[in-house]
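# Descriptive analysis of the structure
Spelled out, the chains give:
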Amino acid sequence: MMTQLIKRDILQLVRHAPVLQFQRFRGKINIQRPRKPHYDRALVVAVTQPQYPEPNKTNTCFEKRYTNAQIQNPYNDIIAREVRNWFDHSSMVAIFHLNSMKADDFFDVRVQLHKQGMHLKSYGQKIINKAIEGSRYEAILPLFDSKHCIVFAPHQKVGLLLRITRKVPQMVLLAGIVDNTLLNRKDFMAYAQLPGIQASQAELVNTLNVSARSVVQNLETHQNNFVNMLEHYAKCNENK
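Each chain has its residues counted from 1, running along the sequence as written. Restriction of local features to residues with pLDDT of at least 70 applies here, the model being predicted, together with a cutoff of 80 or more for giving and counting side-chain atom pairs; totals for whole chains, interfaces and linings are based on all residues. Side-chain numbers here rest on the full set of heavy atoms in the structure, without hydrogens or water.

Here is the rule we go by: UniProt positions are given in the numbering used here, feature names are shortened, and annotations may be inferred rather than shown by experiment.
As recorded by an unreviewed UniProt entry, the protein carries the name Large ribosomal subunit protein uL10m and is attributed to Glossina austeni. UniProt, in its Subunit (unreviewed entry) section for the protein, records the words "Component of the mitochondrial ribosome large subunit (39S) which comprises a 16S rRNA and about 50 distinct proteins." A UniProt comment under Sequence similarities (unreviewed entry) is attached to the protein, and it reads "Belongs to the universal ribosomal protein uL10 family."

### Details of the overall build of the protein
Formally: Runs of E in the DSSP output that reach at least two residues are strands. Runs of H or I that reach at least four are helices, and both are numbered from the N terminus. When accessible area is computed with a 1.4 Å probe and restricted to protein chains, residues below 20% of their type maximum are described as buried, those above 50% as exposed, and intermediate ones as partly exposed. Note on contacts: a residue pair qualifies if any of its non-hydrogen atoms lie within 4.5 Å across the two residues. Computed by Shrake-Rupley with a 1.4 Å probe, the accessible areas treat only the displayed protein chains as cover when residues are assessed.
If you tally the helices and strands in the protein, you get 9 helices and 5 strands. In the protein, the succession of α and β elements from N to C terminus is α-α-α-α-β-α-β-α-β-α-β-β-α-α. Taking all 240 residues of the protein together, the buried fraction comes to 20%. Of all intrachain contacts in the protein linking residues separated by at least 6 positions in sequence, the fraction that spans at least 24 positions is 78%. A total of about 20600 Å² of accessible surface is found on the protein, and carbon and sulfur atoms cover 55% of it.

### Points about unusual backbone geometry
Phi is positive for aspartate 179, close to 55°, though the residue is something other than glycine. With a phi angle near 60°, asparagine 180 is a residue other than glycine that sits in the positive phi range. Note on placement: asparagine 180 falls in the loop between β4 (171-178) and β5 (181-184). Given the relative accessible area of 54%, asparagine 180 is considered exposed.

Here it is in C-alpha cells:
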C-alpha cells in the first residue's frame, strides 16, 4: 500500500513539473563594440554615472615648455662650420635645384661625381643660413629656399660637371661660384665653353710674340726702305 502511494505521488510530480527549455545566443558577444543598451537602461546608467570635479588649470600648462636657447643643437653648429669650410676651400661650387628623385639615382650621380674629384652635398636650410649668413656668400641665400643640392670641387671642372648633370634632368642648375666669382646659369655654362688654362696661356704667348714682331718690323721699316732705294739707285748708275 505504501509503495502504491509513493508511485502515485511521483506520477503527479512528473505530470505537474514545469517544462524547461534551454536556448543559446545565436551570435557572439562583441566586447569591443557592444550592442547599445535599452533606452531605460541607458538612462539609468547615465544618471548614476559618477562625476568628478575638474582639477584647477595652471598657466604653466599653456606656456612653451622649451625656449630657443634649449632648442639649439651643437651638432648643427659643427655641420655649419663644415659647410663654410667647403665654400672657402672649393675652387668651383655649383648650386642645383633638386626635383623629386629616387635615392638610388641620387647615389649614382654622387658616385660619378666622386670619381671625378667632385662632391655632391645636401643640407637643410637652417644649416645653410647659419653657415653663410654674414659672410661674402650671403647673396646666394635666396637660392636655398627650396630643395637643393650643392657640388663642391677643389679644381675647375665646369665642362665635366655639365656633361654629367646633363643626363640627370632632376638637377636644375641655378648658379655657381668659380674662383670666388658668382656666376648665374648662363655665365656658368658660357664659362664651360672657354678653352683650358694651357690653351689660354699659349694663345697669350702667341699674341705677345706677334706684337713684338710687329714692333720690330715697324722700327726697321724706314731703314729697309732707305737701303732698298740706295740699292736701286746704285744699279741704275751701273747700267748707264
